[in-house]
Amino acid sequence: MSLEITKLTARIGARVSGVDVTRPLAPEEAAGIREALNVHKALVLDARGLDDAGQQAFARHFGDLTTAHPTVGAVDGAPNVLPVDSERGRANHWHTDVTFVVTPPQATSLRSLTVPAYGGETLIANAGAAYRDLPEPLRRLADTLWAEHTNDYDYAVPEEDVDEERAAQRARFTSIKYRTAHPVVRVHPLTGERGLFIGGFAQRVVGLSAGESRKILDLLQSYVTRPENVLRHRWSENELVLFDNRITQHYAVDNYDGLPRRLHRVTVAGDVPVGLEGKESYAIEGDASHYTPVAA
């Protein structure tokens, strides 16, 4: 096997070379990429020649696929592919994908189609390193907390300047209301690593008021987004980024003056998150069975 893994930063990110993602992966290649994902959390690969069908085939090496999104439409003819298009909204907010359902995706792949001449980077943060950075008293507190995640807060549509089109996008995003309780500290099912499982959809700490929750979540979030924990990926066309949605957050930087920016997203179905005491996440509102199976 000629797989080569080159670190991009000390705490997160690696470039993978020596593999052709346009063809089926050999078992040892898939295993090598999975191991690299466990270690580095976010991987960058050459995607020249890859189309929607190929991106879906690549992602299937790591598990069953979700549909594109619980409430937002897919690419025509490709129900597992979500268009991440600057004209449809901008995810310039830290989040982990679809944590408002009880089984969020385990992994996300993003493929660049159109990139602006400048800006438009994707930031990806290591939530495992953030947990390890916590001072011991904060870590002990976080270990006990659960948070409610909901899509009623729309990271993709800012409140300001909401015109008719933006309002319609928001209505689609929240057309099914979801609310799910997850442990603030999640145990990774493959590595046993602990990570802060919060982000933009986490709106309230179970048992606390909205104001108390915001202060605690903001404090914990500040450790996730420390510069040392963040990979800033500057896109080129025909690149594929694969990141571990169980233990990362990401942010699409809106710094490209409205120039065209289009990626395609395919996500791999995930398991039910588990906290330190073995308790599983639980749904409070909304059925996502049409969106994703439960990963074994």
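Given the structure is predicted, the values throughout are model-derived calculations rather than measurements. (Residues numbered from 1 in each chain as written. Predicted model: local features only at pLDDT ≥ 70, side-chain atom pairs only at ≥ 80, totals over all residues. Heavy atoms only, no water.)

**Some remarks on the overall build of the chain**
Summing up its helical and strand segments, the chain has 6 helices and 16 strands in all. Taken against the 2.2 N^0.38 rule, which gives 19 Å for 296 residues, the C-alpha radius of gyration of the chain at 18 Å falls within 12% of a compact globule. Taking all 296 residues of the chain together, 54% fall into the buried category. Considering only contacts in the chain between residues 6 or more positions apart, those separated by 24 or more positions represent 81%. (Helix = DSSP H or I, 4+ residues; strand = E, 2+ residues; numbered from the N terminus. Rg over C-alpha atoms; globule rule 2.2 N^0.38 Å. Buried < 20%, exposed > 50% of the residue type's maximum accessible area, 1.4 Å probe, protein only. Contact = heavy atoms within 4.5 Å.)

**Re the nonpolar core**
With 26 residues, the main nonpolar core has Ile33, Leu43, Leu45, Phe58 and Leu242 as its most contacted residues. Breaking this core down by element, the ones donating at least two residues are strand S2 (14-17), helix H1 (27-40), strand S3 (42-46), helix H2 (52-60), strand S13 (239-244) and strand S15 (262-268). With 4 residues, H1 is the single largest residue contributor to this core. Each residue touching Phe58, except ones within four places of it in the same chain, is listed here: Val21, Leu25, Ile33, Leu45, Leu240 and Leu242. (Core = buried A, V, L, I, M, F, W, Y, C linked by side-chain atoms within 4.5 Å.)

**Comments concerning the sheet that holds S2**
Backbone hydrogen bonds hold the strands of a sheet together, and the pairing may be parallel or antiparallel. The 7 strands are arranged S1-S2-S3-S13-S5-S15-S4 in an open sheet whose pairing can be described as mixed. Strands with a single pairing partner mark the edges of an open sheet, and in this sheet they are strand S1 (4-7) and strand S4 (82-85). The mean angle between the axes of side-by-side strands here comes to 25°, regardless of whether they run parallel or antiparallel. Its contacts with the sheet put H1 on S1, S2, S3 and S13, and the angle it makes with S3 is roughly 135°. Of the strands in this sheet, S3, strand S5 (107-114), S13 and S15 touch H2, which is tilted by about 30° from S15. (Pairing = 2+ DSSP bridges. Axes fitted to C-alpha atoms, helices over the stretch in contact; angles between N-to-C directions.)

**As for the side chain of Thr150**
With respect to the element layout, Thr150 can be found in strand S7 (residues 146-150). For Thr150, a relative accessible area of 14% corresponds to the buried category. Only 2.8 Å separates the side chain of Thr150 from the backbone oxygen of Tyr178, close enough to count as a polar contact. When near neighbours in sequence (up to four residues on either side) are disregarded, Thr150 contacts Phe100, Tyr178, Arg179, Phe201 and Gln203. (Polar contact = N/O pair within 3.5 Å; in protein donor to acceptor, adjacent residues only side chain to side chain.)

**Structural notes on the sheet that holds strand S12 (residues 230-233)**
On the basis of which strands lie adjacent, the open sheet formed by 3 strands has the order S12-S6-S14 and antiparallel pairing. With partners counted over all chains shown, the strands left at the sheet margins are S12 and strand S14 (248-252), one partner each. With strand direction ignored, the average angle separating the axes of adjacent strands in the sheet is 20°. For strand S6 (residues 122-126) and S12, the ladder comprises 4 bridges, and the chain directions are antiparallel. Across the sheet, the residue bridging to Ile124 is Leu231, located in S12.

None of the figures reported here should be taken as evidence of function without further support.
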